[in-house]
Amino acid sequence: RKDERERNLNFGFEANQIDMVVLSHAHIDHSGNLPNLVKQGFKGPIYCTEATQDLLEYMLLDSANIQEKDVEYMNKKHMEKGEELIEPIYGVADAEKTLPLIKGMKYDTCIELADGVSVCFYEAGHILGSAVTVFTIKDQEDGGKEKTLAFTGDLGRKNMPLIRDPHQ
(Lines give C-alpha, C1' and ligand atoms only; values in the text may rest on other atoms or scores of the structure.)
Protein backbone atom coordinates (compact mmCIF):
# COMPACT_ATOMS: atom_id res chain seq x y z
CA ARG A 1 0.00 0.00 0.00
CA LYS A 2 2.90 2.35 0.73
CA ASP A 3 4.37 1.83 -2.76
CA GLU A 4 0.99 2.53 -4.38
CA ARG A 5 0.64 5.68 -2.34
CA GLU A 6 4.08 6.90 -3.44
CA ARG A 7 3.30 6.21 -7.12
CA ASN A 8 0.02 8.13 -6.90
CA LEU A 9 1.50 10.97 -4.88
CA ASN A 10 4.60 11.61 -7.00
CA PHE A 11 4.21 12.12 -10.73
CA GLY A 12 7.84 12.24 -11.81
CA PHE A 13 7.23 15.61 -13.48
CA GLU A 14 6.22 19.11 -12.44
CA ALA A 15 2.43 19.48 -12.59
CA ASN A 16 2.67 23.18 -13.40
CA GLN A 17 4.56 22.29 -16.60
CA ILE A 18 1.54 20.47 -18.07
CA ASP A 19 -0.50 22.67 -20.40
CA MET A 20 -3.69 20.58 -20.57
CA VAL A 21 -5.22 17.16 -20.02
CA VAL A 22 -7.35 15.19 -22.48
CA LEU A 23 -9.44 12.59 -20.68
CA SER A 24 -11.07 9.56 -22.33
CA HIS A 25 -13.66 8.80 -19.65
CA ALA A 26 -14.63 9.19 -16.01
CA HIS A 27 -13.63 5.84 -14.53
CA ILE A 28 -11.57 6.61 -11.46
CA ASP A 29 -8.50 4.71 -12.73
CA HIS A 30 -8.36 7.29 -15.54
CA SER A 31 -9.54 10.42 -13.71
CA GLY A 32 -8.89 9.80 -10.03
CA ASN A 33 -5.58 11.58 -9.73
CA LEU A 34 -6.70 14.82 -11.39
CA PRO A 35 -7.26 16.60 -8.03
CA ASN A 36 -3.72 15.64 -7.02
CA LEU A 37 -2.43 17.07 -10.30
CA VAL A 38 -4.27 20.32 -9.50
CA LYS A 39 -3.05 20.23 -5.90
CA GLN A 40 0.52 20.04 -7.21
CA GLY A 41 0.15 23.08 -9.47
CA PHE A 42 -1.70 22.14 -12.68
CA LYS A 43 -3.92 25.03 -13.81
CA GLY A 44 -4.79 24.16 -17.41
CA PRO A 45 -8.00 22.89 -18.96
CA ILE A 46 -9.12 19.27 -18.73
CA TYR A 47 -10.89 18.30 -21.95
CA CYS A 48 -13.43 15.46 -22.04
CA THR A 49 -17.00 14.81 -23.19
CA GLU A 50 -19.93 16.58 -21.57
CA ALA A 51 -21.18 13.36 -19.96
CA THR A 52 -17.71 12.68 -18.53
CA GLN A 53 -17.69 16.20 -17.10
CA ASP A 54 -21.04 15.52 -15.43
CA LEU A 55 -19.85 12.22 -13.94
CA LEU A 56 -16.59 13.71 -12.68
CA GLU A 57 -18.40 16.15 -10.43
CA TYR A 58 -19.71 13.25 -8.37
CA MET A 59 -16.83 10.82 -8.78
CA LEU A 60 -13.99 13.17 -7.84
CA LEU A 61 -15.80 14.60 -4.83
CA ASP A 62 -16.73 11.09 -3.69
CA SER A 63 -13.18 9.84 -4.18
CA ALA A 64 -11.82 12.78 -2.19
CA ASN A 65 -14.30 12.18 0.61
CA ILE A 66 -13.36 8.48 0.74
CA GLN A 67 -9.67 9.38 0.88
CA GLU A 68 -10.24 11.81 3.74
CA LYS A 69 -12.25 9.22 5.69
CA ASP A 70 -9.70 6.46 5.00
CA VAL A 71 -6.84 8.65 6.20
CA GLU A 72 -8.82 9.63 9.29
CA TYR A 73 -9.30 5.93 10.12
CA MET A 74 -5.67 5.04 9.31
CA ASN A 75 -4.36 7.92 11.42
CA LYS A 76 -6.31 6.63 14.44
CA LYS A 77 -4.44 3.33 14.02
CA HIS A 78 -1.15 5.16 13.49
CA MET A 79 -1.68 7.20 16.66
CA GLU A 80 -2.36 4.03 18.67
CA LYS A 81 0.92 2.55 17.41
CA GLY A 82 2.88 5.80 17.73
CA GLU A 83 3.45 5.90 13.98
CA GLU A 84 3.72 8.95 11.75
CA LEU A 85 0.40 10.43 10.63
CA ILE A 86 -0.37 10.70 6.92
CA GLU A 87 -2.26 13.16 4.74
CA PRO A 88 -4.72 12.20 2.01
CA ILE A 89 -3.29 12.37 -1.51
CA TYR A 90 -5.99 14.95 -2.10
CA GLY A 91 -9.13 16.11 -0.38
CA VAL A 92 -12.53 17.55 -1.17
CA ALA A 93 -11.09 21.07 -1.49
CA ASP A 94 -8.67 19.85 -4.17
CA ALA A 95 -11.50 18.11 -6.05
CA GLU A 96 -13.54 21.31 -5.87
CA LYS A 97 -10.62 23.26 -7.39
CA THR A 98 -10.44 20.70 -10.21
CA LEU A 99 -14.06 20.91 -11.34
CA PRO A 100 -13.91 24.40 -12.92
CA LEU A 101 -10.97 23.28 -15.09
CA ILE A 102 -13.04 20.56 -16.77
CA LYS A 103 -14.26 21.47 -20.26
CA GLY A 104 -16.99 19.20 -21.60
CA MET A 105 -17.12 18.70 -25.36
CA LYS A 106 -19.80 17.18 -27.57
CA TYR A 107 -19.11 13.96 -29.45
CA ASP A 108 -17.85 14.41 -33.01
CA THR A 109 -16.43 17.78 -32.00
CA CYS A 110 -12.86 18.78 -32.74
CA ILE A 111 -10.95 21.51 -30.95
CA GLU A 112 -7.54 23.01 -31.52
CA LEU A 113 -5.34 22.40 -28.49
CA ALA A 114 -2.29 24.24 -29.78
CA ASP A 115 -0.93 25.48 -33.09
CA GLY A 116 -1.12 22.47 -35.41
CA VAL A 117 -2.60 20.11 -32.80
CA SER A 118 -6.29 19.24 -32.54
CA VAL A 119 -8.36 16.55 -30.86
CA CYS A 120 -11.74 15.05 -31.73
CA PHE A 121 -14.00 13.07 -29.39
CA TYR A 122 -15.85 10.01 -30.72
CA GLU A 123 -18.14 7.53 -28.94
CA ALA A 124 -16.12 4.70 -27.37
CA GLY A 125 -19.10 2.61 -26.25
CA HIS A 126 -17.48 1.81 -22.90
CA ILE A 127 -19.40 3.85 -20.30
CA LEU A 128 -21.53 6.96 -20.42
CA GLY A 129 -19.35 9.73 -21.86
CA SER A 130 -16.42 7.54 -22.86
CA ALA A 131 -14.56 8.72 -25.93
CA VAL A 132 -11.96 7.69 -28.40
CA THR A 133 -9.74 10.75 -28.63
CA VAL A 134 -8.21 11.30 -32.05
CA PHE A 135 -5.34 13.77 -32.24
CA THR A 136 -4.29 15.38 -35.51
CA ILE A 137 -0.80 16.83 -35.51
CA LYS A 138 0.62 18.90 -38.35
CA ASP A 139 4.33 18.18 -38.69
CA GLN A 140 5.87 21.65 -39.05
CA GLU A 141 9.18 20.13 -40.20
CA ASP A 142 7.54 18.02 -42.93
CA GLY A 143 5.62 20.73 -44.81
CA GLY A 144 2.57 20.52 -42.55
CA LYS A 145 1.98 16.82 -43.23
CA GLU A 146 -0.70 15.56 -40.84
CA LYS A 147 -0.21 12.66 -38.48
CA THR A 148 -3.03 11.04 -36.56
CA LEU A 149 -2.90 9.46 -33.13
CA ALA A 150 -5.94 7.76 -31.61
CA PHE A 151 -6.28 6.88 -27.94
CA THR A 152 -9.18 4.64 -26.96
CA GLY A 153 -8.91 4.76 -23.19
CA ASP A 154 -11.22 1.79 -22.87
CA LEU A 155 -13.26 0.58 -25.83
CA GLY A 156 -16.72 -0.97 -25.57
CA ARG A 157 -18.39 -3.62 -27.72
CA LYS A 158 -21.17 -3.41 -30.26
CA ASN A 159 -24.78 -4.31 -29.55
CA MET A 160 -24.67 -3.88 -25.78
CA PRO A 161 -27.81 -2.84 -23.92
CA LEU A 162 -27.92 0.76 -22.64
CA ILE A 163 -24.54 1.80 -24.09
CA ARG A 164 -24.15 3.10 -27.62
CA ASP A 165 -21.91 1.26 -30.05
CA PRO A 166 -18.37 2.56 -30.51
CA HIS A 167 -17.96 5.06 -33.36
CA GLN A 168 -17.10 3.44 -36.69
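Quick note: structure is the one above.
In this report, the structure presented in the accompanying data block is examined. In this text, all values refer to a predicted model and were calculated from it rather than measured experimentally.

## Some words on the sheet that holds strand β6 (residues 131–139)
Taking strand neighbours across the sheet as the criterion, the four strands line up as β4-β5-β6-β7 in an open arrangement whose pairing is antiparallel. Every interior strand has two partners, whereas the edge strands, β4 (109–114) and β7 (145–151), have only one. In this sheet, adjacent strand axes meet at a mean angle of 25° when their direction is disregarded. The sheet contact formed by β4 and strand β5 (residues 117–123) spans five bridges and is antiparallel.

## With respect to the state of the cysteines
Across all of its chains, the model carries one disulfide by this definition. Two residues share a disulfide in this structure: cysteine 110 and cysteine 120, whose sulfurs sit 1.9 Å from each other. Because the torsion about its S-S bond is 105°, the bridge between cysteine 110 and cysteine 120 counts as right-handed. In this pair, cysteine 110 sits in strand β4 while cysteine 120 sits in strand β5, placing the two residues 10 residues apart along the sequence. Under the relative-accessibility criterion, cysteine 120 is labelled buried at 7%.

## Some details on the packing of aromatic side chains
Under the criterion given, the structure shown has one aromatic pair. Here phenylalanine 11 and phenylalanine 13 contribute two aromatic rings whose centre-to-centre distance is 5.2 Å and whose plane-to-plane angle is 25°, an arrangement assigned as stacked. Looking at phenylalanine 11, the relative accessible area reads 23%, which means it is partly exposed. Of the residues examined, phenylalanine 13 reaches a relative accessible area of 40% and is grouped as partly exposed.

## Some words on the environment of valine 132
Relative to the helices and strands, valine 132 is located in strand β6. For the pair formed by valine 132 and valine 119, sequence separation is 13 residues and the distance between their alpha carbons is 9.9 Å.

Cut-offs used in this document
- Residues numbered from 1 in each chain as written.
- Predicted model: local features only at pLDDT ≥ 70, side-chain atom pairs only at ≥ 80, totals over all residues.
- Heavy atoms only, no water.
- Pairing = 2+ DSSP bridges.
- Helix = DSSP H or I, 4+ residues; strand = E, 2+ residues; numbered from the N terminus.
- Axes fitted to C-alpha atoms, helices over the stretch in contact; angles between N-to-C directions.
- Disulfide = S-S within 2.5 Å.
- Buried < 20%, exposed > 50% of the residue type's maximum accessible area, 1.4 Å probe, protein only.
- Phe/Tyr/Trp six-rings, centres within 6.5 Å; stacked < 30°, edge-to-face > 60°.

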